[in-house]
Structure formats: C-alpha cells, structure tokens
Amino acid sequence: MKEESVSVAFIKNLIAGVVIGIANIIPGVSGGTMMVILNMFDKIIEAVSGFRKNIKKNILYLLPILIGAAIGIIAFSKGITFMLENYPIIINFFFMGLIVGSVPLAFKSAYKKDTQDTTSNWKAEVKHTKAASIVAFLVAFLLLVVIAFTNAEETKVNINTVTVDFLLVLKLFFGGAIASIAMIIPGVSGSFVMVLLGIYPLFSGVAAALLPFDATTWMTKVLPIGIPIGLGILLGLLIGAKLIDVVLKKFPQVTYFGILGLLLGSLFDIYPGFQFDIQGLVAVVVCLVGFALAYFSSSDRVRNYFLEKKSAKVE
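First, a word on scope: everything that follows refers to the structure included in this document. (Residues numbered from 1 in each chain as written. Predicted model: local features only at pLDDT ≥ 70, side-chain atom pairs only at ≥ 80, totals over all residues. Heavy atoms only, no water.)

**Looking at the overall build of the chain**
Inference 1: When helices and strands are counted, the chain shows 14 helices and 0 strands.
Inference 2: Residue burial in the chain is summarised as follows: out of 315 residues, 42% are buried.
Inference 3: Within the chain, counting contacts between residues at least 6 apart in sequence, those at least 24 apart form 79% of the total.
Inference 4: With an accessible surface of roughly 17700 Å², the chain has 70% of that area assigned to carbon and sulfur atoms. (Helix = DSSP H or I, 4+ residues; strand = E, 2+ residues; numbered from the N terminus. Buried < 20%, exposed > 50% of the residue type's maximum accessible area, 1.4 Å probe, protein only. Contact = heavy atoms within 4.5 Å. Areas by Shrake-Rupley, 256 points an atom, 1.4 Å probe, with all protein chains shown as cover.)

**As for the nonpolar core**
Inference 1: Counting 41 residues, the largest nonpolar core has Met-34, Phe-41, Ile-44 and Tyr-61 as the members making the most contacts within it.
Inference 2: Among the elements of the structure, α1 (2–24), α2 (31–37), α3 (41–49), α4 (55–86), α5 (88–109), α11 (215–250), α12 (252–270) and α13 (278–297) are those that each provide at least two residues to this core.
Inference 3: Ranked by the residues each element gives to this core, the list is headed by α5, at 10 residues.
Inference 4: In terms of nonpolar packing, the next biggest core, distinct from the first, is built from 18 residues, Val-162, Tyr-200, Val-222 and Ile-225 among them. (Core = buried A, V, L, I, M, F, W, Y, C linked by side-chain atoms within 4.5 Å.)

**Some remarks on the pattern of salt bridges**
Inference 1: One pass over the structure, following the stated rule, counts 1 salt bridge.
Inference 2: One salt bridge connects Lys-249 with Asp-245, and the closest N-O pair in it is separated by 3.4 Å. Note that Lys-249 and Asp-245 are positioned in helix α11 at a spacing of 4 residues, about one turn of the helix.
Inference 3: With relative accessibility at 52%, the residue Lys-249 sits in the exposed group.
Inference 4: With relative accessibility at 8%, the residue Asp-245 sits in the buried group. (Salt bridge = Lys/Arg side-chain N within 4 Å of Asp/Glu carboxyl O.)

**Considerations on the packing of α11 against α12**
Inference 1: Their axes nearest at 5 Å, the elements α11 and α12 cross at an angle of 120°. Taken together, the axes of α11 and α12 are oblique relative to one another. Across from Val-247, Leu-248, Lys-249 and Lys-250 in α11, the residues of α12 making contact are Pro-252, Thr-255 and Tyr-256.
Inference 2: Residue composition of the contact of α11 with α12, grouped by class: 4 nonpolar, 1 polar and 2 charged. (Axes fitted to C-alpha atoms, helices over the stretch in contact; angles between N-to-C directions. Parallel < 35°, antiparallel > 145°, perpendicular 65-115°, else oblique. Nonpolar A, V, L, I, M, F, W, Y, C, P; charged D, E, K, R; others polar.)

**Considering helix α8 (residues 166–183)**
Residues three or four positions apart in an α-helix share a direction because the helix packs 3.6 residues into each turn.
Inference 1: Helix length check: α8 (18 residues) gives 25 Å between terminal C-alpha atoms against 26 Å at 1.5 Å per residue, within 8%.
Inference 2: Every buried residue of α8 is accounted for by Leu-168, Leu-172, Gly-175, Gly-176, Ala-177, Ala-179, Ser-180, Ala-182 and Met-183. (Expected span 1.5 Å × (residues − 1).)

**Some words on the packing of α5 against α12**
Inference 1: Two elements in contact, α5 and α12, have axes separated by 9 Å at closest approach and are oriented at 165°. One finds that α5 runs roughly antiparallel with respect to α12. At the point where α5 passes α12, the crossing takes the left-handed sense. Within the contact between the two elements, α5 uses Asn-92, Met-96, Ile-99, Val-100, Ser-102, Val-103, Ala-106, Phe-107 and Ser-109 and α12 uses Tyr-256, Phe-257, Leu-260, Leu-263, Leu-264, Ser-266, Leu-267 and Ile-270.
Inference 2: Its residues assigned to classes, the contact of α5 with α12 shows 13 nonpolar, 4 polar and no charged. (Left-handed = near helix turned anticlockwise from the far one by under 90°.)

Listed below in structure tokens is the structure:
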C-alpha cells in the first residue's frame, strides 16, 4: 500500500511539474501561478527553503516536479510556440480561466493557518481582514497592471554573434537570479522579467541551440552563456523560496492577499484581445473549462468527497 501511494504521488507530482514547466515557457504566464492553481505553492516553497531539514523527503517530493518541468519545457515548447503564434486567444483564455478559477483557493488560504485543513471555518475569519492585507492586494494588483502595459519586446538573437565577456557573465548571473525570484511569485512571469532585463534573447537563443547537438556551439556559446544564467536561477530560487516561506509563516493573510492581487493583475498581461469568430468561440469554451478545472480541483466539497471515499476504502 505504501509503495502504491508513493508511486501515485510521484506520478501526480510529475504531471504537476509538466504543467508548471509549460507555464514557464509561455510569456506572461507564471510558474508560481500554476503552483497556486495546483494547490502546491506552500509545499514547494517549504521544501526548497527547508531542503536541508529533511533532505530525503524533500528530494522525493521535488524530484518528480523538476523532472516534469523539464519534460514540459522540452516536449511542449515547440507546440506551445505554434499555438501562441497561430491561436493566441485560445491558449491565453484557457490560462485566464485557470487563474480566475484559482482565486477562491487563494482567498480561502488567507484565512486558514493550514491550507490543507478543510475543516477550518474560514468564512468566520473574513471579518478579521487586516488593513495591511488590503494594501498588499492593491499594491500587488497595481504592480502587475503597470507591468502589463510596459512596452518590452522579445527579440531573437543569434548567439554565435555574441561575445561572452566578464560583464556579460555578471549580467546573465544576476539577471537569472532576479528572474527566478520573480518566477516563483504567482502572477509574475520570469520570462517577462528577463525581457525587461535584456537577457531573454540570450536565454531563448541558448535553449534553441541545445538541439541538435553541436560540440563547437556548446563549448563556445551554450555553456559560457547557459552556466551563469543557470547558476543565477538556482541562487534566485533558493533565496526567493526562503523569503516567501518566511512571510507565508509570519504574515499568511497579508501574503495571500498579495498573491491574490498578483493573480488578478496578471490577467491584464495575459489578455490577448478578442475576436468574434470561431477562434473566439473556442476561446470562451476553453476559458470556462479552465475555470472549472481550477475551481473544482481546489473545492473543499470535492476534496472532502475524495477524502471520505479514501477513508471508506481503508476501512
């Protein structure tokens, strides 16, 4: 029974990792947002920030997520790029539905000391909403609205024409660190931050040069550019996860209201416009599907139903 539960958890986290990986390759969509939608944000942050406290347990939890994220990025990058170029309204409306559907979960989590506690009477705590929580919501919401209207264009670059020097390495390292901190914040797109910092063309250029394998390109461009970005991303994840873990534990309501503001504010960045044709009709349908998936997967009623079913099976 134990082995079966471990296997199920591994597969579940692997699939979640794929979803998070796909989200990270879509401009404007945040991997942190997907963590909230999947109800895994707290656990992932705690596992990364407290990695040394229980190394074996955290490795077993994080490994399938990381593998899944890598699979999502590698396997779906071309497909997602094709969909974004040809059917942007459909893809973005689906993610908008997911985000709106996850709002109730973020709201309820603000009033639950334990986000897994389905018995917590969060409704009774709503009247105790702090002024600081409202301020956090407004600041986060307005920040994402400003970012949404910031004109930052992605441009492709031929990495073979780039000269790698010490200053560029520093820029890539610290840029990767800043972008990765942003990456785990719900509503903030790490790729968009890279665009703002001017390193996204190099990042995407390296990703495109990974395959097909060419030894010369790898030694002269892929590794010299990819390593500092990779190390920066790793450092940023460790620092960002630790900071978020601290504020989640010390100021849970304020933090979740900030997350709520980021989620809603990100809709302005994702919204692709609308057109009254077959693509627009499909976009509305997939938006509703995305909303239903996020809303019902995080519903206390649905969760309690499966918990009761599981306990009855055990008995």
